[in-house]
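# Architecture and fold: a report
The lines below spell out each chain.
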Amino acid sequence: MEPHFNPELTERKWYAEWMRHGLFDSKPDHREPFSIVIPPPNVTGVLHMGHMLNNTIQDILIRHARQQGKNACWVPGTDHASIATEAKVVQLLRSQGIRKSDISREKFLEHAWEWKEKYGGIILDQLQKLGASCDWKRTAFTMDEVRSEAVIKAFVDLFHKGKLYRGKRMIQWDPEAKTVLSNEEVLYQQEQAQLYHILYKFEDSETEGIAIATQRPETIMADTAVCVHPDDERYKNLIGKKVIIPLIHKAIPVIADAYIDPEFGTGALKVTPAHDPNDYEIGIRHQLEVIDCLNEDGTLNEHARILVGEDRFVARKKIGPLLDAEGVLVKIENYTTNIGRSERTGAVVEPRLSLQWFVKMRELAQPALNAVESDEIQFIPEHFKNTYRHWMENIRDWCISRQLWWGHRIPAWYLGEDIFVAENEEQALQLARTKTGNTSLIIEDLQQDDDVLDTWFSSWLWPISVFDGAHDTDDFKYYFPTSVLVTGWDIIFLWVARMIMASFEWKGKIPFRKVYFTGMVRDKQRRKMSKSLGNSPDALQLIADYGADGVRFGILASSPAGGDLLFDDKLCEQGRNFSNKLWNALRLVKNWESQLGGGNKPQDELLIQWIQNRKNELCLQVASSFEQLKLSDALKQIYAFVWDDYCSFFLEAVKPPKGEQISPELFATAEQIFENICSLLHPFMPFITEEIWQHLKEREPSDFCMLSAYPAGQSADREVLDFMQELRDVIKKIRELKATHQVSRDVKAPLYILNRNQKTLIHHPGYVYLLIKFCNLNEVELTDSEIKNAQSFLGLRDTYYLDLPVQLDVAAEKLKLEEEINYAEGFLQSVLKKLENPKFVESAPADLVAKERKKLEDGELRLKSLRERFESL
């Protein structure tokens, strides 16, 4: 065996073996299905910390289900990411001297597909390095043939049901990507801005007027009114008058509307219906003209009349001096406000009146809301139900058209004012001929919509379309609804809610049974990881440095469901050290194969009983953690067992003295428990566990740790566990006392146990042997009275005296005992409070109540012993 564990070689070897044997493959059979669909990463993406967290959790769940004997199916895939991918392709073409505007749509799409084929699968390849056990034969893409057919069918179906419409409405516009955004794709953050106070002079005055405050002076040329509150005494007598827009000297009316906040700015608002959703609503109420002074790229157009062609932010800087020169700039003040930016490009969004396609959401939302409220779909953590509820109860229609070429082109054809929505152009042509009565129409007479569908409209069908649910395939009938969705809470509206709505709309049932929301990955200073801050580590470099198992351990060990992960690469180092600990334990156990012989000794029986019972207890704990999806807890429970119980205590206790042998039964137990550890730990750290599994014994080619049965929990013998815990506590206390009094561990000393006519460690020679072995004692005896000048301490129930060659400090001993008595009294009070609560006694599980009563009994004995010892001093 190699002296050191080599993660790189191990990972490459075992992933290839798993793939060669088809261990990730899935197809319907008689078993219980367990299915997960991957939140499809963008084809533009590369592996980052968020992906590492999300996919590690999914892999743990799918590997665990596989070991439980379920038919585990994890479907991978990627999202075509309209905005991001089109931007990448445009950038690539620009580097080749090609402008998008100079080529046809068809030619552009050729370039886009070439880019996708070359770069689009990078992130899936990188997921394999993490150990992701997806069924790669099922890899889907939101724009492949099956998924595209489903998307087009959904659009057509919604249109003919009257749940989808085309209309001119105020939308959020990304001037950089030159496309509309959904409200959920606009991220708001507080930023520093400037408030321009501008005087709008009265039509009949050279000096007087109304001062307005605006953050966007570059849009004043599109104003169509100045609005005040009808009850504002400052402006009541001015309603109906006209004021002059500075610089372009156009007269507009002063109107009154209750929307106006008299306390903000000057209490007077310039109304620009084309550039603000609230202004647009005021404009509708007062029948104001709508003037759009911005081009789609954010430059001023001819309606602005001045600064035409200038970028909006350049125009803002230039317009200040112009207003000042005209004598109408009252002042400029700094203030903080919420600025909306595009999630994809970071550009400041522009409200814009535009003709777009919308889905009517209110009717779709109700069954999706009911499913979560009733826990038919379980949210983990549960508090995200509140966030979900608030959005669903205040839902707005969804703008689904995007002004791009990359994506699913909207299946709508136009002939004059008529719209024909169909799955393909032949069906659209037939609809047109039928409606017009003109059978000589050809497809060239119709004009297909130039826009594509919002990427989220494609991916809201994901759990359905990955199994080709549009055709109710056997796969769909077997694997749908899926078992659990693992995703970030930040797309609860963009994706989670919409998938639930889509599933009810087309399949009449839920798309998944549970949703596990991950938190955000942050650095040690709680900052969100980003390239701009330079605090986001290279995911692949982490794997190279610490091994995939180490990184998986590090990510998950500090990642409660829904809670932010404060990432520190020391966590990955801890994971790597854990792998090394396991490897060294394997080398130790394998070395004992040459030392087998002899029969069981008294301590062997105790150790075998204890480690089996402790393993049973662990399995119950881990099963409970998996049931609640507390995966971080499960990993910590296994880690504590391996490090503290198996390696630090059990293997040390088993290790035979030099020249002695180890009994075959004890060795078999050590080996069997190691196998159990591999099975328990495999979902979390698949590579090291597979390597150890194969080294432990000779196996058939088809015998993989990955396919081993996940150990089931069994009831544990409490007495066995308690007595061994007593032993370990005593060992720890003796070592601490020797260290405190600077007595070498090699110095032998006697240990006395106060005789209370009850079962103690001394009643079993195995415990005595272990005490002597771990503590270097020369004897362990019962005593009927206190041992003067000995160092005393209390175990769970017994009083111990360690007779060290040092003088007892009575004052210090009394002080220590006082602290222990105070603690013991407080502990007893807390247990009594529980047992005196009828609700707890009546509703709690019987074993839990019994455990509390045992705590009370042991605590009373402990307190009695402490008080007796104190009195004796």
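Higher on the page you've got the structure.
Below: a short report on this structure.

### Some words on the overall build of the protein chain
Of the regular secondary structure elements, the protein chain holds 26 helices and 29 strands. For 873 residues, the compact-globule estimate of 2.2 N^0.38 gives 29 Å, and the C-alpha radius of gyration of the protein chain, at 36 Å, exceeds that figure by more than 25%. C-alpha extents for the protein chain along the principal axes are approximately 110 × 65 × 55 Å. Counting the 873 residues in the protein chain, one finds 54% classified as buried. Carbon together with sulfur atoms contributes 48% to the accessible area of the protein chain, which is approximately 39,100 Å² in total.

### So, the sheet that holds strand β11 (residues 250-256)
Pairing in this open sheet of four strands is mixed, and the strands run β10-β11-β9-β12 from one edge to the other. Looking along the sheet, the strands with just one partner apiece sit at the ends: β10 (242-245) and β12 (268-271). The mean inter-strand angle of the sheet, taken between neighbouring strand axes irrespective of direction, is 35°. By the bridge criterion, four bridges tie strand β9 (residues 225-228) to β12 in an arrangement that is antiparallel. Paired with Cys-227 across the bridge in β12 is Leu-269. Across the sheet, helix α7 (residues 277-286) touches β9, β11 and β12, and the angle it forms with β12 is around 80°.

### Considering the nonpolar core
Nonpolar side chains tend toward joint burial in soluble globular proteins. Ranked by size, the top nonpolar core spans 125 residues in total, and within it Tyr-646, Phe-650, Phe-674, Phe-684 and Leu-751 carry the most contacts. What Phe-674 contacts, discounting residues up to four positions off in sequence, is Leu-582, Ala-585, Leu-586, Val-589, Tyr-646, Ile-692 and Leu-696.

### Digging into the packing of aromatic side chains
Here the structure, examined in full by the defined rule, presents 38 aromatic pairs. When the ring of Phe-155 is compared with that of Phe-457, the centres are 6.3 Å apart and the planes differ by 70°; the resulting orientation is edge-to-face. With Phe-155 in helix α6 (residues 145-160) and Phe-457 in helix α12 (residues 455-459), the pair connects residues that are 302 residues apart, well separated along the chain. Grouping residues by exposure puts Phe-155 and Phe-457 together as buried. Plain terms: the ring middles of Phe-578 and Tyr-639 are 4.7 Å apart, the flat faces sit at 65° to each other, and that makes the pair edge-to-face.

### Details of a nonpolar patch on the surface
On the surface, Val-46, Tyr-119 and Ile-122 cluster together to form a nonpolar patch covering roughly 220 Å² of accessible area. Examined against the element boundaries, Ile-122 turns out to sit in helix α5 (residues 122-130).

### What to know about the packing of helix α20 (residues 664-681) against helix α21 (residues 686-696)
At a minimum axis distance of 9 Å, the contact between α20 and α21 shows a crossing angle of 155°. The orientation of α20 with respect to α21, classified from their angle, is roughly antiparallel. Pair α20 / α21 crosses with left-handed handedness. Packed against α20, whose contacting residues are Glu-671, Phe-674, Glu-675, Cys-678, Ser-679 and Leu-681, the element α21 presents Thr-689, Ile-692, Trp-693 and Leu-696 at the interface. Each residue belonging to the contact of α20 with α21 can be placed in one class, and the counts come to six nonpolar, two polar and two charged.

### Some words on the side chain of Arg-552
Positionally, Arg-552 belongs in helix α16 (residues 539-557). Once you skip the residues sitting within four places of it in the chain, Arg-552 turns out to touch Thr-56, Asp-59, Ile-60, Arg-63, Leu-130, Gly-131, Pro-683, Phe-684 and Pro-686.

### Considering a negative patch on the surface
A cluster of acidic side chains, namely Glu-425, Glu-426, Glu-444 and Asp-445, defines a negative patch on the protein surface. Positionally, Glu-444 belongs in the loop between α11 (425-436) and β20 (447-448). Here Glu-444 falls in the exposed class, since its relative accessible area comes to 60%.

### Some words on α6
Its 16 residues give α6 an end-to-end C-alpha distance of 23 Å, which sits within 8% of 22 Å, the value for a rise of 1.5 Å per residue. Where α6 is concerned, the buried positions are Arg-147, Ser-148, Ala-150, Val-151, Ile-152, Ala-154, Phe-155, Val-156 and Leu-158. Residue Asp-144 occupies the N-cap position of α6, its side-chain oxygen lying 3.3 Å from the main-chain nitrogen of Val-146. Gly-162 occupies a position one or two residues after α6 and carries a positive phi of about 80°.

### Some thoughts on the pattern of salt bridges
Tallied over the entire structure, the rule returns 58 salt bridges. For Glu-191, the salt bridge is made with Arg-341, and the minimal N-O distance between the two is 2.7 Å. Here the residue Glu-191 occupies a position in strand β7 (residues 186-201), and Arg-341 occupies one in strand β13 (residues 329-342), the gap between them amounting to 150 residues. Residue classification places Arg-341 among the partly exposed positions, given a relative accessible area of 26%. Ionic pairing is found between Lys-759 and Glu-719, a salt bridge with its closest N-O pair at 3.8 Å. Taken together, the residues span a long stretch of sequence, with Lys-759 in the loop between β26 (749-754) and α23 (765-775) and Glu-719 in helix α22 (residues 718-740) at a distance of 40 residues. Take Lys-759: its relative accessible area is 49%, and that puts it in the partly exposed class. In the salt-bridge network here, residues are joined through shared partners; they are Arg-614, Glu-617, Asp-645, Arg-718, Asp-722 and Arg-728.

### Regarding the sheet that holds strand β23 (residues 512-518)
Pairing is parallel in the open sheet, where three strands are placed in the order β15-β23-β22. Each edge of the sheet is formed by a strand with only one pairing partner; in this case those strands are β15 (378-380) and β22 (482-488). Sheet twist, expressed as the average angle between the axes of neighbouring strands with direction ignored, equals 20°. As paired elements, β22 and β23 share six bridges and run parallel to each other. Residue pairing in the sheet places Leu-485 in a bridge with Val-515 of β23.

### Quick word on the state of the cysteines
In the structure shown here, the tally under the stated rule is zero disulfides. The thiol of Cys-775 is unpaired, and the distance to the nearest cysteine sulfur, on Cys-647, comes to 20 Å. By relative accessible area, Cys-775 is classed as buried at 4%.

### Here's the deal with the environment of Leu-556
With respect to the element layout, Leu-556 can be found in helix α16. Residue class for Leu-556 comes out buried when judged on its relative accessible area of 1%. Once residues lying within four places of it in the same chain are set aside, the contact partners of Leu-556 are Ile-57, Ile-60, Leu-631, Ser-632, Leu-635 and Phe-684.

### Here's the deal with the packing of helix α10 (residues 384-393) against helix α15 (residues 492-507)
Close contact between α10 and α15 brings their axes to 11 Å; oriented N to C, the two are set at 75°. Put simply, α10 runs roughly perpendicular to α15. Where α10 approaches α15, its residues Phe-384, Thr-387, Tyr-388, Trp-391 and Met-392 are matched on the opposing element by Ile-492, Phe-493, Ala-497, Arg-498, Ile-500 and Met-501. Grouping the amino acids of the contact of α10 with α15 by side-chain chemistry returns nine nonpolar, one polar and one charged.

### Observations regarding α16
Owing to its 3.6 residues per turn, the α-helix aligns residues three or four sequence positions apart on the same side. Between the first and last C-alpha of α16 there are merely 17 Å, a value that for 19 residues lags more than 12% behind the 27 Å anticipated at 1.5 Å per step. The sharpest bend along α16 comes to roughly 105°, located at Tyr-546. When you tally the buried positions in α16, you get 15 out of 19 residues, the bulk of the element. For α16, the N-terminal capping position is held by Asp-538, with its side-chain oxygen 2.9 Å away from the main-chain nitrogen of Leu-540.

### A look at unusual backbone geometry
Between Ile-380 and the following residue, Pro-381, the backbone shows a cis peptide bond with an omega angle of 0°. Within the secondary structure, Pro-381 sits in the loop between β15 and α10. A cis amide bond links Phe-480 with the next residue in sequence, Pro-481, at an omega value of 5°. Position of Pro-481 among the secondary structure elements: in the loop between α14 (474-479) and β22. Residues other than glycine seldom take positive phi values, yet Lys-178 does so here, at roughly 55°.

### Remarks on the environment of Thr-207
Along the chain, Thr-207 turns up in the loop between β7 and β8 (209-214). Along the primary structure Thr-207 and Asp-450 are separated by 243 residues, whereas in three dimensions their C-alpha atoms are 51 Å apart.

Rules and cut-offs
Residues numbered from 1 in each chain as written. Predicted model: local features only at pLDDT ≥ 70, side-chain atom pairs only at ≥ 80, totals over all residues. Heavy atoms only, no water. Helix = DSSP H or I, 4+ residues; strand = E, 2+ residues; numbered from the N terminus. Rg over C-alpha atoms; globule rule 2.2 N^0.38 Å. Buried < 20%, exposed > 50% of the residue type's maximum accessible area, 1.4 Å probe, protein only. Areas by Shrake-Rupley, 256 points an atom, 1.4 Å probe, with all protein chains shown as cover. Pairing = 2+ DSSP bridges. Axes fitted to C-alpha atoms, helices over the stretch in contact; angles between N-to-C directions. Contact = heavy atoms within 4.5 Å. Core = buried A, V, L, I, M, F, W, Y, C linked by side-chain atoms within 4.5 Å. Phe/Tyr/Trp six-rings, centres within 6.5 Å; stacked < 30°, edge-to-face > 60°. Patch = residues over 30% accessible without salt bridge, like charges linked within 9 Å, V, L, I, M, F, W, Y side chains within 5 Å. Salt bridge = Lys/Arg side-chain N within 4 Å of Asp/Glu carboxyl O. Parallel < 35°, antiparallel > 145°, perpendicular 65-115°, else oblique. Left-handed = near helix turned anticlockwise from the far one by under 90°. Nonpolar A, V, L, I, M, F, W, Y, C, P; charged D, E, K, R; others polar. Lys, Arg positive; Asp, Glu negative; His and termini not counted. Charge placed at Lys NZ, Arg CZ, Asp CG, Glu CD. Expected span 1.5 Å × (residues − 1). Polar contact = N/O pair within 3.5 Å; in protein donor to acceptor, adjacent residues only side chain to side chain. Disulfide = S-S within 2.5 Å. Bend = angle between axes of the 7 residues up to and from the residue.

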